[in-house]
Amino acid sequence: QVQFVESGGGLVQPGGSLRLSCTASGSSSDLYIMGWDRQAPGKQRELVAAITRGGIKNYADSVKGRFTISRDNAKNAVYLQMNSLKPEDTAVYYCSTKPILYGVGTSWGQGTQVTVSP
């Protein structure tokens, strides 16, 4: 089974930045694509970003130009640099694996809370 440890969330003002980190364990097949999804209270979970082992990326339209996903295959880690944060970015962020670059993945981690507020 795949395990995740997510960190880096917190409270930040609009326009601020955060960097989320995730360490993962599992088979190479399970970790071919890693990503970040998020879920706000009362809303469906949605894709934020995803990345293949080779560095091909996909972003939700709402975060393009503001967020950057990266990974370190040797460390089984994936990161999300979040800049120009908006209140609408407030959500629990989950590290995930997925079979393709599109859509919400699967995560067994607890997630990390991101709150953007004055």
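Because the structure is predicted, anything quoted here is derived from the model rather than measured.

*Asks:* I tried to follow the overall build of the protein on my own but got confused; where do I start?
*Replies:* Secondary structure assignment for the protein yields zero helices and 10 strands. Moving toward the C terminus, one meets the helices and strands of the protein in the order β-β-β-β-β-β-β-β-β-β. In terms of overall size, the protein behaves like a compact globule, its C-alpha atoms giving a radius of gyration of 13 Å where 118 residues would be expected to give roughly 13 Å. If you line up the protein on its principal axes, its C-alpha atoms span 40 × 25 × 25 Å. Going through the 118 residues of the protein one by one, you find that 47% of them count as buried. A fraction of 55% describes how many contacts in the protein between residues 6 or more apart in sequence connect residues 24 or more apart. Carbon and sulfur atoms form 49% of the exposed surface of the protein, whose accessible area is close to 6000 Å². Charged side chains of the protein number 12 positive and 8 negative; the gap between the two group centres comes to 4 Å.

*Asks:* Please explain the sheet that holds strand S4 (residues 33-39) as it appears in this structure.
*Replies:* Two modes of strand pairing occur in sheets, parallel and antiparallel, and in both the strands are linked by backbone hydrogen bonds. Spatially, six strands are ordered S2-S10-S9-S4-S5-S6 in an open sheet, and the strand pairing comes out mixed. The strands lining the two open edges of the sheet, one partner per strand, are strand S2 (10-12) and strand S6 (57-59). When the angles between neighbouring strand axes are averaged without regard to direction, this sheet yields 20°.

*Asks:* What is the right way to read the state of the cysteines from this model?
*Replies:* Tallying each qualifying case throughout the model produces one disulfide. Here Cys22 connects covalently by a disulfide to Cys95, the sulfurs 2.1 Å from one another. Its S-S torsion of about -85° marks the bond between Cys22 and Cys95 as left-handed, since a negative value means left-handed. Residue Cys22 is located in strand S3 (residues 18-25), and its partner Cys95 is located in strand S9 (residues 91-97); the two are separated by 73 residues in the primary sequence.

*Asks:* Would you take a moment to explain the pattern of salt bridges for this structure?
*Replies:* Side chains that differ in charge, positive against negative, can pair when their charged atoms come close. Considering all chains together, one arrives at five salt bridges under this definition. A salt bridge links Glu46 to Arg38, with the shortest nitrogen-to-oxygen separation between them at 2.8 Å. Take Arg38: its relative accessible area is 4%, and that puts it in the buried class. Measuring nitrogen to oxygen at the nearest pair gives 3.1 Å for the salt bridge that ties Lys64 to Asp61.

*Asks:* Mind showing me how you'd approach the packing of aromatic side chains here?
*Replies:* By convention here, two paired aromatic rings are described through the distance between centres and the angle between planes. Here the structure, examined in full by the defined rule, presents zero aromatic pairs. In this arrangement the basic side chain of Arg19 is found over the ring face of Tyr79, its NZ or CZ atom lying 4.2 Å from the centre. Sitting above the plane of the Tyr94 ring, Arg45 keeps its charged end 3.8 Å from the centroid.

Cut-offs used in this document
Residues numbered from 1 in each chain as written. Predicted model: local features only at pLDDT ≥ 70, side-chain atom pairs only at ≥ 80, totals over all residues. Heavy atoms only, no water. Helix = DSSP H or I, 4+ residues; strand = E, 2+ residues; numbered from the N terminus. Rg over C-alpha atoms; globule rule 2.2 N^0.38 Å. Buried < 20%, exposed > 50% of the residue type's maximum accessible area, 1.4 Å probe, protein only. Contact = heavy atoms within 4.5 Å. Areas by Shrake-Rupley, 256 points an atom, 1.4 Å probe, with all protein chains shown as cover. Lys, Arg positive; Asp, Glu negative; His and termini not counted. Charge placed at Lys NZ, Arg CZ, Asp CG, Glu CD. Pairing = 2+ DSSP bridges. Axes fitted to C-alpha atoms, helices over the stretch in contact; angles between N-to-C directions. Disulfide = S-S within 2.5 Å. Salt bridge = Lys/Arg side-chain N within 4 Å of Asp/Glu carboxyl O. Phe/Tyr/Trp six-rings, centres within 6.5 Å; stacked < 30°, edge-to-face > 60°. Lys NZ or Arg CZ within 6 Å of the ring centre and 35° of its normal.

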